[in-house]
Amino acid sequence: MNRSIVKIGVLLMVACGLGFLNGCGEVHADVKPQKDRHAAPDFALKDSTGKTLKLSDYRGKVVLLNFWATWCEPCQVEIPWFIEFEKTFKDRDFSVIGVSMDDDGWDSVKPFIAQQKINYPVVVANDDVSRKYGSIESLPTTFILDRSGRIAAMHIGLVSKSVYRNDIEHLIDKERGIEIIPATENRGGSAFELARLLRAGGLRAE
Amino acid sequence: MSWLACFAPAVFGQSNLLSVAPPAKLAAKAGTTVTETLNVQLKPGYHCNSDKPSDEYLIPLKLTWSASPMEVNEVVYPKAELEKYSFSKDPLSVYTGDFQIVTKFKVPASAPAGATVISGKIHYQACNDRMCFKPATAEVALPVEITK
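**Brief notes about the overall build of chain B**
Okay, so step 1: Secondary structure summary: chain B contains zero helices and 13 strands in total.
Okay, so step 2: Sequence-ordered secondary structure for chain B, helices as α and strands as β, is β-β-β-β-β-β-β-β-β-β-β-β-β.
Okay, so step 3: Taking as baseline every contact in chain B between residues at least 6 positions apart, the subset at least 24 positions apart corresponds to 74%.

Laid out in structure tokens, this is it:
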């Protein structure tokens with residue numbers, strides 16, 4: 001009995017090492033079934049050009065909502081991927097939105113956007129947005145929203161580019177033509193609901 | 001969500017990654033210079049930027065002291081480690097594990113004799129090999145006995 005458990009453990013470790021099991025070494029949420037998805041909390045913030053960006057205006061599009069900061073090195077790895085996704089998928093009802101968590105706001109963020117040649121809209125989070133999304137303390141934290149503005153997947157920390165790509169392609173291609181749920185019928189959206197989603201996803205608070 | 005997620009680290013509420021051992025009372029004779037060494041510990045598996053980070057966007061570790069009868073002459077930070085992480089192209093200038101920060105205080109001749117407590121703050125920004133955490137502050141209270 002004990003030997004069997006050890007063997008299974010060793011096999012899992014080898015599989016993880018070889019990358020056979022998606023999610024090894026990653027905090028990773030697969031695309032959830034539609035019935036289990038909750039609305040992403042809405043917000044309206046100015047982007048780097050001064051234009052108001054309202055998340056709910058993106059209904060009808062798959063959205064990669066990335067919480068990041070200029071001081072976050074792992075975030076800097078992902079940003080070129082998101083620039084590429086924006087180019088590749090923008091004509092397929094997809095958009096990236098960056099939400100900076102920099103305390104000094106545009107002073108740091110605007111030069112960074114220019115330096116990195118970020119091609120998607122970026123806003124700076126305020127306390128309200130941070131609270132609505134469960135007081136995000138770990139970066140990067142990225143939500144993948146379906147066309148109805150619901151959270152289909154969430155990734156905390158650096159995950160592989162293919163994880164994002166798989167989620168995006170799944171939502172763009174496999175859920176094409178699925179009826180978009182009007183905002184009034186969309187459940188949840190509160191920090192409480194989001195916390196429940198996080199718990200349901202197997203993540204725990206320390 | 002894969003069951004393998006049960007192996008995932010806790011990711012919310014990552015406060016107190018850095019702690020400072022409560023310092024012993026510092027004896028400070030007026031008209032001299034005294035040195036205080038703070039013993040700092042970062043949780044295993046985490047790193048924080050050194051006082052001179054590798055990138056202009058990174059947030060340095062910084063110790064500050066509140067106003068007191070003693071004057072801060074100099075804060076001496078430990079030598080940084082250059083560590084390579086999976087997410088960084090180049091090695092980063094960081095601190096890990098246990099390290100010490102030394103403060104040299106000047107005790108003015110006019111400093112009033114007696115006991116006092118000086119407040120210090122270590123501002124830092126920590127990461128592990130996959131994610132970073134919001135900048136945080138660790139507070140320290142240094143008991144001081146000033147004598148003439």
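**Looking at the overall build of chain A**
Okay, so step 1: Each helix and strand in chain A was counted, giving six helices and ten strands.
Okay, so step 2: Counting the 206 residues in chain A, one finds 40% classified as buried.
Okay, so step 3: Nonlocal contacts in chain A, meaning residues at least 24 apart in sequence, comprise 78% of its contacts between residues at least 6 apart.

**Observations concerning helix α2 (residues 73-89) of chain A**
Residue and element names in this part refer to chain A.
Okay, so step 1: For α2, which comprises 17 residues, the first-to-last C-alpha distance of 25 Å matches the rise-based estimate of 24 Å (1.5 Å per residue) to within 8%.
Okay, so step 2: At Ile 79, α2 shows its maximal bend, which comes to roughly 25°, and the proline Pro 80 appears one to four places after that position.
Okay, so step 3: All buried positions along α2 are accounted for by Glu 73, Pro 74, Cys 75, Gln 76, Glu 78, Ile 79, Phe 82 and Phe 85.

**A look at the environment of Ser95(A)**
All names here are of chain A.
Okay, so step 1: Positionally, Ser 95 belongs in strand β6 (residues 94-100).
Okay, so step 2: Classification of Ser 95 by C-beta neighbours within 10 Å gives partly exposed; the count is 17.
Okay, so step 3: Sequence separation between Ser 95 and Val 63 is 32 residues, and the spatial gap between their C-alpha atoms is 5.0 Å.
Okay, so step 4: Not counting residues within four places of it along the chain, the set of residues in contact with Ser 95 comprises Tyr 58, Lys 61, Val 63, Lys 90 and Tyr 120.

**Thoughts on the confidence of the model for chain B**
All names here are of chain B.
Okay, so step 1: Here chain B averages 90 in pLDDT, while 90% of its residues score no lower than 70.
Okay, so step 2: In the predicted structure, residues 1-13 sits below a pLDDT of 50 and forms 34 contacts with residues beyond four places in sequence or in another chain.
Okay, so step 3: For this predicted complex, the interface confidence score (ipTM) comes to 0.84, while the overall pTM stands at 0.80.

**Things to note about the sheet that holds strand β2 (residues 26-29) of chain B**
Residues and elements named next belong to chain B.
Okay, so step 1: Overall, mixed pairing links the four strands, which are arranged β2-β13-β10-β5 in an open sheet. The open sheet is flanked by β2 and β5 (62-65), the only strands paired with a single partner. Between one strand axis and the next, the sheet turns by 35° as a mean value, whatever way the strands run.
Okay, so step 2: Pairing analysis gives four bridges linking β2 to strand β13 (residues 136-147), with the strands arranged parallel. Opposite Leu 26, over in β13, you have Val 144 as the bridge partner.

**Side note on the nonpolar core**
Okay, so step 1: One finds Leu64(A), Leu139(A), Leu145(A) and Leu18(B) to be the most contacted residues of the largest nonpolar core, which totals 83 residues.
Okay, so step 2: In terms of residues, this core owes the most to one element, strand β5 (residues 62-68) of chain A, which gives six residues.
Okay, so step 3: Excluding its chain neighbours within four sequence positions, the residues that come into contact with Leu145(A) are Ala40(A), Val62(A), Val63(A), Leu65(A), Arg150(A), Ile151(A) and Ala152(A).

**Description of helix α3 (residues 106-116) of chain A**
All names here are of chain A.
Okay, so step 1: Residues of α3 that are buried: Val 109, Phe 112 and Ile 113. What you see down the axis of α3 is that its buried residues fit within an arc of 105°, all on one side. Across α3 from its buried face, at more than 90 degrees, point the exposed residues Asp 107, Ala 114 and Gln 115.

**Remarks on the sheet that holds strand β3 (residues 33-42) of chain B**
All names here are of chain B.
Okay, so step 1: The strand order β1-β3-β9-β6 describes an open sheet built from four strands, whose pairing is antiparallel. For this open sheet the edge positions go to β1 (18-20) and β6 (71-76), each flanked by a neighbour on one side alone. Pairwise comparison of adjacent strand axes, ignoring direction, gives a mean angle of 30° for this sheet.
Okay, so step 2: For β6 and strand β9 (residues 98-106), the ladder comprises five bridges, and the chain directions are antiparallel. When the sheet's bridge partners are listed, Val 75 is paired in β9 with Thr 103.

**Some words on the pairing of β5(A)**
Remember that side chains alternate between the two faces of the sheet whenever the strand is regular.
Residues and elements named next belong to chain A.
Okay, so step 1: Of all the seven residues making up β5, seven are buried; the element is thus mostly covered by neighbouring parts of the structure.
Okay, so step 2: Pairing geometry for β5 and β6, over seven bridges, is parallel. Looking across to β6, one finds that Phe 67 is bridged to Val 99.
Okay, so step 3: Viewed along the sheet, the connection from β5 through α2 into β6 turns out right-handed.
Okay, so step 4: Here five bridges tie β5 to strand β9 (residues 141-145), and the two strands are oriented antiparallel to one another. Bridge pairing in β9 links Val 63 to Leu 145.

**Considerations on the environment of Val20(B)**
Okay, so step 1: Here Val20(B) is to be found in strand β1.
Okay, so step 2: Taking the C-alpha atoms as reference, Val20(B) lies 15 Å from Ala126(B); in sequence the two are 106 residues apart.

About the criteria used
- Residues numbered from 1 in each chain as written.
- Chains lettered and ligands numbered in written order.
- Predicted model: local features only at pLDDT ≥ 70, side-chain atom pairs only at ≥ 80, totals over all residues.
- Helix = DSSP H or I, 4+ residues; strand = E, 2+ residues; numbered from the N terminus.
- Contact = placed C-beta atoms within 7 Å.
- Buried ≥ 20, exposed ≤ 12 C-beta atoms within 10 Å, placed from the backbone.
- Expected span 1.5 Å × (residues − 1).
- Bend = angle between axes of the 7 residues up to and from the residue.
- pLDDT = per-residue confidence, 0-100.
- Pairing = 2+ DSSP bridges.
- Axes fitted to C-alpha atoms, helices over the stretch in contact; angles between N-to-C directions.
- Core = buried A, V, L, I, M, F, W, Y, C linked by C-beta atoms within 7 Å.
- Arc of directions from axis to C-beta.
- Right-handed = clockwise from strand over helix to strand, strands pointing away.

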